[in-house]
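# Structural overview for review
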Amino acid sequence: MRPVIPYVTAALLFGLGVYGVLRRRNAVLVLMSVELMLNAVNLILVTADTTARAVLPHSGQVFALFVIVLAAAEIGVGLAIVLQLYRLRATVAVDDVPLTESPDPSAGREPVVADSEAGR
């Protein structure tokens, strides 16, 4: 088997994923681009496993399985974050997400009661 075609295909998939992560504004599309990059890595791992026989047989396929499990966990956590973001902000645009918020000084404190009202 000639490994050039799968390697070039994986490089194109990975490049398309990087482009999607850098240029997309929608959080769901950014997650899809990350999945595209992970699939490119899986293609490289399986191709390397079939072309170069290592000391451990099928080690590339085992690593690809780990990447699939990682991708499933990433989608679960990522979609939960996107849904919570949509509930709070009513948008999933990545540009509208504040990375740092100034702390509210009155948050977490109970209202101050005057001494004259406290004795009643």
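Up top you'll find the structure we're talking about.
Here we summarise the structure given alongside this text.

Parameters and conventions
- Residues numbered from 1 in each chain as written.
- Predicted model: local features only at pLDDT ≥ 70, side-chain atom pairs only at ≥ 80, totals over all residues.
- Heavy atoms only, no water.
- Helix = DSSP H or I, 4+ residues; strand = E, 2+ residues; numbered from the N terminus.
- Buried < 20%, exposed > 50% of the residue type's maximum accessible area, 1.4 Å probe, protein only.
- Areas by Shrake-Rupley, 256 points an atom, 1.4 Å probe, with all protein chains shown as cover.
- Axes fitted to C-alpha atoms, helices over the stretch in contact; angles between N-to-C directions.
- Parallel < 35°, antiparallel > 145°, perpendicular 65-115°, else oblique.
- Nonpolar A, V, L, I, M, F, W, Y, C, P; charged D, E, K, R; others polar.
- Expected span 1.5 Å × (residues − 1).
- Arc of directions from axis to C-beta.
- Left-handed = near helix turned anticlockwise from the far one by under 90°.
- Contact = heavy atoms within 4.5 Å.
- Polar contact = N/O pair within 3.5 Å; in protein donor to acceptor, adjacent residues only side chain to side chain.

Here we come to the overall build of the protein chain. What the protein chain contains, in helices and strands, is four helices and zero strands. The order of helices and strands in the protein chain, counted from the N terminus, is α-α-α-α. A burial count over the protein chain gives 21% of its 120 residues as buried. Summing over all exposed atoms, the protein chain offers an accessible surface of approximately 9200 Å²; the carbon and sulfur share of this is 67%.

Between helix H2 (residues 27-51) and helix H3 (residues 59-89), whose axes approach to 8 Å, the crossing angle comes to 175 degrees. It follows that H2 is roughly antiparallel to H3 by the angle criterion. Its residues assigned to classes, the contact of H2 with H3 shows 15 nonpolar, five polar and three charged.

Along its 20 residues, helix H1 (residues 4-23) runs 28 Å from first to last C-alpha, staying within 8% of the 28 Å computed at 1.5 Å per residue. Buried within H1 are the following residues: Pro6, Ala10, Gly17 and Gly20. Down the axis of H1, the buried side of the element spans an arc of 85 degrees, and every buried residue falls inside it. Away from its buried face, by an angle of more than 90 degrees, H1 presents the exposed residues Ile5, Leu12, Leu16, Leu22 and Arg23.

Now for the packing of H1 against H2. The geometry of H1 relative to H2 is characterised by a closest axis approach of 8 Å and an angle of 160 degrees between their N-to-C directions. Here H2 runs roughly antiparallel to H1, going by the angle between their axes. The two elements H1 and H2 meet at a crossing, and its hand is left-handed. In this structure, H1 contributes Pro6, Tyr7, Thr9, Ala10, Leu13, Phe14, Leu16, Gly17, Val18, Gly20 and Val21 to the contact, and H2 contributes Val30, Ser33, Val34, Leu36, Met37, Ala40, Val41, Leu43, Ile44, Thr47, Ala48 and Thr51. Its residues assigned to classes, the contact of H1 with H2 shows 17 nonpolar, six polar and no charged.

Let's shift gears to H2. Relative to the 36 Å expected for 25 residues at 1.5 Å per residue, H2 spans 37 Å between its end C-alpha atoms, a close match to the ideal helical length. Residues Ala27, Val30, Leu31, Ser33, Glu35, Met37, Leu38, Ala40, Asn42, Thr47 and Asp49 constitute the buried set of H2. The opening residue of H2, the one whose side-chain oxygen lies 3.3 Å from the backbone nitrogen of valine 28, is asparagine 26.

Now for unusual backbone geometry. A positive phi angle is found at alanine 90, which is not glycine, with a value near 60 degrees. Structurally, alanine 90 is set in the loop between H3 and helix H4 (115-118). Given the relative accessible area of 58%, alanine 90 is considered exposed.

In short, the description is geometric, and any link to function would need to be established separately.
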